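Observations on the model geometry
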Amino acid sequence: MSSRKRTTVWAAAVLIVSMAACVVLLGNIDRIRPRDIVEDSLYINSPKLVRRASLGFDGLMACIYWTRTVQYFGHRHYFRERTYNELAPLLEITTALDPHLVPAYQFGASFLAPAPPNGAGQPKRAIQLMEYGIRNNPDNWHLYYDLGFVYYTELKDYRKAAEVFEAGSKVSDAHPFMKVLAAQMAEHAEDLATARMLWSETYEASNENNIKQNALEHLRGIQVDEDVTNLEQAVARFNANNGRFPTNLWELASAEHLPGVPVDPDGNPYDLTLDGRVQVRHPDDFPFATKGLPPGYKPGPLKFHSKG
Amino acid sequence: MNARIGYIASNTFREAVRDRVLYNLIAFALLLSGAAIFVGQLSIDIERLVGVNLRLTAVSLFGVVIAIFIGIGLVSKEIEKRTLYTVLSRPVRRWEFIVGKFFGLAGTLVVNTFFMAIGVFGALLYVVHKFTASDGLILVALYFIILEFLIICSLALLFSSFSSPLLSAVFAFSLFVIGSFADDLRGFASLTHGFTRWIATGAAYLVPNFSALNVISVVAHQQPVSGQLILQNTLYAVFYTAMALSGAVLIFERRNLK
């Protein structure tokens, strides 16, 4: 073998071995370094500074920051993390860089407002974000709709929600539904029917798959809440009439003249506990349900469903 | 070490220390180190933090600039001046030339870092008046900075083995920037699917991971750096350098120098 060939073989071997070693070592280094340093790093917190540092390329920077925001939220949401420390600063930087980036407000509010693990549990910052968005995009009725939604779903401030829907209904080209919502908030805000109407409208009005998915999950949760409420009322009636809880749901269905055993939106029968509570069989399938959850239930990894 | 590699390394070192650009950059780094004293005084209650951050960043950035600007000319200058032909006409193999050049440049950077470290500690002493045990952590950050320089040197040499000095500088600097965001790149790769995931993961592992070598803010906050991290980072730098150098050797072995 010539000297050059020998060198080539040696160099190629060193290259391959070094490459493999680097991959293994990187894995080790990732394990050693604290996780929050890897995931929770936001280099600059000041929107103004980022805007100036972007040297006029603020549109591109806004897109980069928005992408990073989605990655940050998506990753933590998927693993059902309970902290979203960098979410609000990331959204503030994104919208400061491009105040007309409407999806950042719409999605941002739905990331920020819900309680963990479905969101950051920061409805007040969601409201600040939406108000900033409305100041910069006063002709966009969707922003009023989303702001009203935060007041309605997270803060239960129905008067404020009605005011925002009313203000949004006055924007030119606003959906006629905004007026209906304002009226509904004023009169029947706490009804499950109102919640169902809102989420159904969100599902129908949006072209974004993620928004549709979110609305669908909420609708499924509302269905479970309604079913569990009705069934527990039926159990209470049975108890009042017979002096005991029904032994199973067949007995309850028979007493209430129901056509069959009640099932959840996935077709699985509800469970009846010995103390007369009604529970869903697979709570992880209904991340937004507030009733029918086993005591001490902790949400598992996020699941997605198609419309059925 | 092979004696021929030693000769090439010492010549490279001598040539590098004669370069006026080198002194300008070191002077700038020391100036910035001194300026950190005044910047620190402007801040409230974080004089030490500002000082350590600014000085170590200056050492790192100026060192990277020195590594790139000297490294990219190591091969091309020898070809341009035709001194390479004189060297290779002697019993020196091409791989020995590349490895010798690397050690020469690495030696230059280690000596530079030593002097800049004296500046860092001198300025720190001026601010805090006496050293504490936790100031020793700055040595860990400086050690990681040297590891970073070794990787940069090998990359500059790799690009220099097949490209013009200007393009080599662009490539090396781009890799430095990308490598500084290596964590983000791997995070992005983990969120993708299918073919994109393969490509993104491959790219994420191929670029040097400078983010793991940057412990400046950790050290500035006087937080400890684990011995395991020091060991793994050392091994990583050695293997990455070996990988880039063997790439340079493979290319340079086949390069037509006529």
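Residues numbered from 1 in each chain as written. Chains lettered and ligands numbered in written order. Predicted model: local features only at pLDDT ≥ 70, side-chain atom pairs only at ≥ 80, totals over all residues.

**Observations regarding unusual backbone geometry**
Excluding glycine, most residues fall at negative phi; most peptide bonds, likewise, are trans. Residues and elements named next belong to chain A. A cis amide bond links Pro-116 to the next residue, Pro-117, at an omega of 5°. Residue position: Pro-117 is located in the loop between helix 6 (102-112) and helix 7 (123-136). For Lys-156, which is not a glycine, the phi torsion comes out positive at approximately 55°. Summarising the element assignment, Lys-156 is placed in the loop between helix 8 (141-153) and helix 9 (158-169). The phi angle at Asp-173 is positive, at roughly 70°, despite the residue not being glycine. (Helix = DSSP H or I, 4+ residues; strand = E, 2+ residues; numbered from the N terminus.)

**Section: the interface of chain B and chain A**
Taken residue by residue, the interface counts 25 residues in chain B and 24 residues in chain A. Put simply, the parts of the chain that give the side of chain B that touches chain A at least two residues each are helix 9 (182-191) and helix 12 (227-254) of chain B. When grouped by side-chain class, the residues that make up the side of chain B that touches chain A number 14 nonpolar, eight polar and three charged. (Contact = placed C-beta atoms within 7 Å. Nonpolar A, V, L, I, M, F, W, Y, C, P; charged D, E, K, R; others polar.)

**Details of the nonpolar core**
Judged by nonpolar contacts, the single largest core of 84 residues is most densely connected at Ala-67, Ile-98, Ala-141, Ile-152, Cys-153, Ala-156 and Ala-172 of chain B. When residues of this core are assigned to their parent elements, the largest contribution, 18 residues, is made by helix 7 (residues 137-160) of chain B. Every residue in contact with Cys-153 of chain B, bar those within four places of it in the chain, is listed here: Ala-67, Gly-71, Phe-102, Leu-105, Ala-106 and Leu-109 of chain B. Counting residues in each nonpolar core, the second largest holds 51 residues, with Ala-109, Phe-111, Phe-149 and Ala-215 of chain A among its members. (Core = buried A, V, L, I, M, F, W, Y, C linked by C-beta atoms within 7 Å. Buried ≥ 20, exposed ≤ 12 C-beta atoms within 10 Å, placed from the backbone.)

**Examining the confidence of the model for chain B**
Summarising the model, chain B shows a mean pLDDT of 83, and 91% of its residues fall at 70 or more. Here the prediction assigns the complex a pTM of 0.59, and the interface score ipTM is 0.75. (pLDDT = per-residue confidence, 0-100.)

**Concerning the packing of helix 5 (residues 87-97) of chain A against helix 7 of chain A**
All names here are of chain A. Relative to each other, helix 5 and helix 7 sit at 5°, their axes nearing to 11 Å. Relative to helix 7, the element helix 5 is oriented roughly parallel. Residue-level contacts link Ala-88, Leu-91 and Thr-95 of helix 5 to Arg-125, Leu-129, Tyr-132 and Gly-133 of helix 7. (Axes fitted to C-alpha atoms, helices over the stretch in contact; angles between N-to-C directions. Parallel < 35°, antiparallel > 145°, perpendicular 65-115°, else oblique.)

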